[in-house]
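Structural features, examined
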Amino acid sequence: MRLIKNIKKQFLALAVLGMIVISLSGCTYANNKNWDDLTAGEKEELQQEFESIKVELEEDFPSDSVEGKFTSYILDKVEEGISD
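A brief look at the structure comes next. Every value quoted in this text rests on a predicted model; they were computed, and no experiment measured them.

1. So, the packing of helix 2 (residues 40–60) against helix 3 (residues 66–83)
- Between helix 2 and helix 3, whose axes approach to 11 Å, the crossing angle comes to 170 degrees. One finds that helix 2 runs roughly antiparallel with respect to helix 3. Together, Gln 47, Phe 50, Glu 51, Lys 54, Leu 57 and Glu 58 of helix 2 and Thr 71, Leu 75, Val 78, Glu 79 and Ile 82 of helix 3 make up the contact between the two elements.
- Class assignment for the residues of the contact of helix 2 with helix 3 results in 5 nonpolar, 2 polar and 4 charged.

See below:
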C-alpha cells in the first residue's frame, strides 16, 4: 500500500515537471525574435501595448509605495530597452 502511494506521488511530480518543461520549451520557441528582427509596425504595436500596460500598473501601484517604486524601476528599464 505504501509503495503504491509513493509511486503515485512520483508520477504526479514527474507529470508536473513534464508540463513545466513542455511549457518552457514552447515559450522559448515562441519568443525567439530579437528586437532588431521586428518590423517598424511590430515595434510600434509593442510600444503602444507597453504604454497601456504602463498606465494600468501605475494606477494599480502608487509611486509612494514600495511596490510602486519597484514597478516604476522595472517600467523605466523596459522603456529604455524598447526606445533604443
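Right, picking up where we left off after that structure.
2. A short note on a nonpolar patch on the surface
- On the surface, a cluster of nonpolar side chains totalling about 400 Å² of accessible area is made up of Phe 70, Tyr 73, Ile 74 and Val 78.
- With respect to the element layout, Val 78 can be found in helix 3.
- Classification of Val 78 as partly exposed rests on a relative accessible area of 36%.

3. Examining the pattern of salt bridges
- Counted under the stated rule, the structure contains 2 salt bridges.
- Put simply, Glu 79 and Lys 54 hold a salt bridge, and the shortest N to O gap is 3.0 Å. Placement of the pair is Glu 79 in helix 3 and Lys 54 in helix 2, with a sequence separation of 25 residues.
- Relative accessible area serves as the criterion here: at 27%, Glu 79 is assigned to the partly exposed category.
- Here Lys 54 falls in the buried class, since its relative accessible area comes to 14%.

What counts, and where the lines are drawn
- Residues numbered from 1 in each chain as written.
- Predicted model: local features only at pLDDT ≥ 70, side-chain atom pairs only at ≥ 80, totals over all residues.
- Heavy atoms only, no water.
- Axes fitted to C-alpha atoms, helices over the stretch in contact; angles between N-to-C directions.
- Helix = DSSP H or I, 4+ residues; strand = E, 2+ residues; numbered from the N terminus.
- Parallel < 35°, antiparallel > 145°, perpendicular 65-115°, else oblique.
- Contact = heavy atoms within 4.5 Å.
- Nonpolar A, V, L, I, M, F, W, Y, C, P; charged D, E, K, R; others polar.
- Patch = residues over 30% accessible without salt bridge, like charges linked within 9 Å, V, L, I, M, F, W, Y side chains within 5 Å.
- Areas by Shrake-Rupley, 256 points an atom, 1.4 Å probe, with all protein chains shown as cover.
- Salt bridge = Lys/Arg side-chain N within 4 Å of Asp/Glu carboxyl O.
- Buried < 20%, exposed > 50% of the residue type's maximum accessible area, 1.4 Å probe, protein only.

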